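An overview of the molecular structure
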Amino acid sequence: MNKKEVSEIKRHFTEEDGFFNIGKVVTAFVDAEKNIKYKASKNFNIIEESEAELIMKSLRKVFSGKVSKNLLEYAFPNPAYAPGGTQNILYEATRTKLEDDEKADALLEHITKKMDYLSTYAVFIGYCSYSVFKKTKDGEALDDSDHNYNFIVTAVCPVEIRIDGLVYDEDENVITRKPTNDRVVGENPTDGFVFPAFSEGGADVNHVMYYTRKPKAPNISIINEVLGCRFISTYNDERVTFQSVMNNVVGDELNFEVVTSVNEKISEVVAQNQDDTEPPVIDKERLTRILSESGVSDEKLETLDKVYENIVGETVMRASNLVENRTVVAVPSVTVNIKKDGLSKVKTQTIDGKRCLIIDLEDPDIVVNGLNVN
């Protein structure tokens, strides 16, 4: 699912949208020992309004964040469709619209047994249907061109235990100790997934989209065990890999101009390919061109092939994960943060034999410690 496809589903994922419908919803509470303490299966339209609103909010959150950062699409390996395999379990639950209790329970049991989680949690699984219309270039829907994209979306939400405290007792008109603990289901899921993936206006049963609230620390057990897919390195891992390549190839030619130029050119790659189905990657050929255009010498570039093979190997570096939204220049005791639109006001220069960072202070709005200064 690319950025455009994720946005399309999220935009329609509301009760008020005429093209979207949510049917059966399975909810469950799981304790720290992986025991399902409570489960229920209800049609969404009969769930009490305030409860339904929170469930809808949690499920919709699974489409939040950035593609290739918070949202990662995975292909199922061949064994996944065998009886008892993840793809088969997901397919059967979707095919039966979560109406078949046996199929729905099989999915719920699979999630709770295979997933590692630090504490208690709640699971929401919703069966959804989105009417996809082919459109003209002007955005008008074509007649008799609709078909449904049917999918299930799963959200895993933490359960917070509110400890004893002081409360105001309105009947007694006193402040007193709260007698019990509350277990409150968090509205924001830590993880989730969507099956089948939405691709080119239809369902792709060979792929699943995984969501994580913490891209630096995804729940790998969901990817490897629950979904049965092969984990791809996190965006933070890719940044570390990229920095290692830069240090080993460019070395002593690394300077302010080279670093900012490379970042700018990778940003251009992301912008030019933002509507592609697959996220753009920085492969060896593309990196060679970017470094050359950024002023790295041919002598340094001759080492790129070997360094890239040793450090990156068969993995990929997704361009969007390498882009820095701001440039940070740091020396002991001093750190300067520069936003993208501020780079033109900063340059390096040698003054009296010393390398200096020069910041243009001609802007009339200069603020120091919150105070406007001259």
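Quick note: structure is the one above.
Residues numbered from 1 in each chain as written. Predicted model: local features only at pLDDT ≥ 70, side-chain atom pairs only at ≥ 80, totals over all residues. Heavy atoms only, no water.

A word on the pairing of strand 16 (residues 354–359). Looking down a regular strand, the side chains alternate between one sheet face and the other. Direction of pairing for strand 15 (residues 346–351) relative to strand 16: antiparallel, over a ladder of six bridges. If you follow Lys-347 over to strand 16, its bridge partner there is Ile-358. Connecting strand 15 to the next strand, strand 16, in antiparallel fashion are two residues, including Asp-352 with a positive phi near 55°. (Pairing = 2+ DSSP bridges. Helix = DSSP H or I, 4+ residues; strand = E, 2+ residues; numbered from the N terminus.)

Bringing the packing of aromatic side chains into the picture now. Using the criterion set out here, one finds eight aromatic pairs in the structure. Pairing Phe-13 with Phe-20 gives two aromatic rings, centres 4.5 Å apart and planes at 40°, and the pair type is tilted. Each of the two residues, Phe-13 as well as Phe-20, counts as buried. A ring pair is formed by Phe-76 and Phe-195, whose centres lie 5.8 Å apart and whose planes are at 70°; its orientation type is edge-to-face. With Phe-76 in the loop between strand 3 (71–75) and helix 3 (86–95) and Phe-195 in strand 9 (residues 191–195), the pair connects residues that are 119 residues apart, well separated along the chain. (Phe/Tyr/Trp six-rings, centres within 6.5 Å; stacked < 30°, edge-to-face > 60°. Buried < 20%, exposed > 50% of the residue type's maximum accessible area, 1.4 Å probe, protein only.)

Taken as a whole and judged by the stated rule, the model has nine salt bridges. For Glu-324, the salt bridge identified is with Arg-239, shortest N-O distance 3.2 Å. With Glu-324 in the loop between helix 11 (319–322) and strand 13 (326–331) and Arg-239 in helix 6 (residues 235–249), the pair connects residues that are 85 residues apart, well separated along the chain. With relative accessibility at 30%, the residue Glu-324 sits in the partly exposed group. Members of the salt-bridge network, linked through shared partners, are Glu-92, Arg-95 and Lys-103. (Salt bridge = Lys/Arg side-chain N within 4 Å of Asp/Glu carboxyl O.)

With that settled, the discussion passes to the packing of helix 8 (residues 284–293) against helix 10 (residues 304–311). At a minimum axis distance of 11 Å, the contact between helix 8 and helix 10 shows a crossing angle of 130°. Compared by their axis directions, helix 8 and helix 10 come out oblique. Where helix 8 crosses over helix 10, the handedness of that crossing is right-handed. Listed contacts from helix 10 to Lys-284, Leu-287 and Thr-288 of helix 8 are Leu-304, Asp-305 and Tyr-308. Residues that form the contact of helix 8 with helix 10 fall into these classes: three nonpolar, one polar and two charged. (Axes fitted to C-alpha atoms, helices over the stretch in contact; angles between N-to-C directions. Parallel < 35°, antiparallel > 145°, perpendicular 65-115°, else oblique. Left-handed = near helix turned anticlockwise from the far one by under 90°. Contact = heavy atoms within 4.5 Å. Nonpolar A, V, L, I, M, F, W, Y, C, P; charged D, E, K, R; others polar.)

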